[in-house]
Amino acid sequence: MDSLVQMIVDGLSSSASRELIIFLVSMMPILELRGGILAASLLQVDWLRAMVICFVGTILPIPFILLFIRQILEWLKNTRLVKLVHKLEEKAERKSKSIEKYKTLGLFLFVAIPLPGTGAWTGALVAALIGMRFKHAMTSIVLGTLTADVIMVILSYGLLGAIL
């Protein structure tokens, strides 16, 4: 992920502001908040400003995913992207076991722990596919994203050493 974020930062640095780069990286699936905080650190953006930008960039697509992903996936099944849809559904199915068992707490933890394959996008996909209520899913994802934001800033900006 580091090299991908570095490539995006290098590619956009001459044509976009540091804040816009961070925002765009945070909106990207897979990279999301983790990539945005890493980009902010590389671009030497103040950690508090980075937290806010990354949070907004990560959360912005989530309501749309929760509300429309099922219909989009059904439509995509009738296109050449059917294999991609099946892979996404399989991934969501694998991730859904712990989320279904613990409901909103499971979704919160899934989003809050910044590991590869977890995050707001995947959490929203799983929540939508298991039929979780929008309000519950959105609350869990927002709180999980805030938690992941704090964890990533502590790790990326070396704040852990300052705290201990």
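In what follows, the structure referred to is the one given above.
Criteria and thresholds
- Residues numbered from 1 in each chain as written.
- Predicted model: local features only at pLDDT ≥ 70, side-chain atom pairs only at ≥ 80, totals over all residues.
- Heavy atoms only, no water.
- Helix = DSSP H or I, 4+ residues; strand = E, 2+ residues; numbered from the N terminus.
- Rg over C-alpha atoms; globule rule 2.2 N^0.38 Å.
- Contact = heavy atoms within 4.5 Å.
- Areas by Shrake-Rupley, 256 points an atom, 1.4 Å probe, with all protein chains shown as cover.
- Lys, Arg positive; Asp, Glu negative; His and termini not counted.
- Charge placed at Lys NZ, Arg CZ, Asp CG, Glu CD.
- Core = buried A, V, L, I, M, F, W, Y, C linked by side-chain atoms within 4.5 Å.
- Buried < 20%, exposed > 50% of the residue type's maximum accessible area, 1.4 Å probe, protein only.

Asks: Please set out the overall build of the chain residue by residue, giving values where relevant.
Replies: Summing up its helical and strand segments, the chain has nine helices and zero strands in all. The helix and strand sequence of the chain, counted from the amino end, reads α-α-α-α-α-α-α-α-α. Computed over its C-alpha atoms, the radius of gyration of the chain comes to 16 Å, within 12% of the 15 Å expected for a compact globule of 164 residues. Partitioning the intrachain contacts of the chain with sequence separation of at least 6 by distance along the chain shows that 71% fall at a separation of at least 24. When the accessible surface of the chain is split by element, carbon and sulfur atoms take 67% of a total near 9200 Å². Seen as two clouds, the 16 positive and the 11 negative side-chain charges of the chain have centres 7 Å apart.

Asks: Any details on unusual backbone geometry? Residues and values, ideally.
Replies: A positive phi angle, close to 55°, is found at Q44, a residue other than glycine. When you line up the elements, Q44 lands in the loop between helix 3 (32–42) and helix 4 (47–59). Phi angles above zero are rare outside glycine, and K103 is one such case at about 55°. For K103, the position within the fold is in helix 6 (residues 82–112).

Asks: So what's going on with the nonpolar core? Residues and values would help.
Replies: Grouped together as the largest cluster of nonpolar side chains are 24 residues, with contacts concentrated most on I62, L66, L107 and I141. Only helix 4, helix 5 (62–76), helix 6, helix 7 (120–129) and helix 8 (134–156) provide two or more residues apiece to this core. For L66, the contacting residues outside a window of four places in its chain are A124, A127, A128, F134, A137, M138 and I141. Residues V5, I8, L31 and L38 belong to the second largest nonpolar core, which totals 22 residues.

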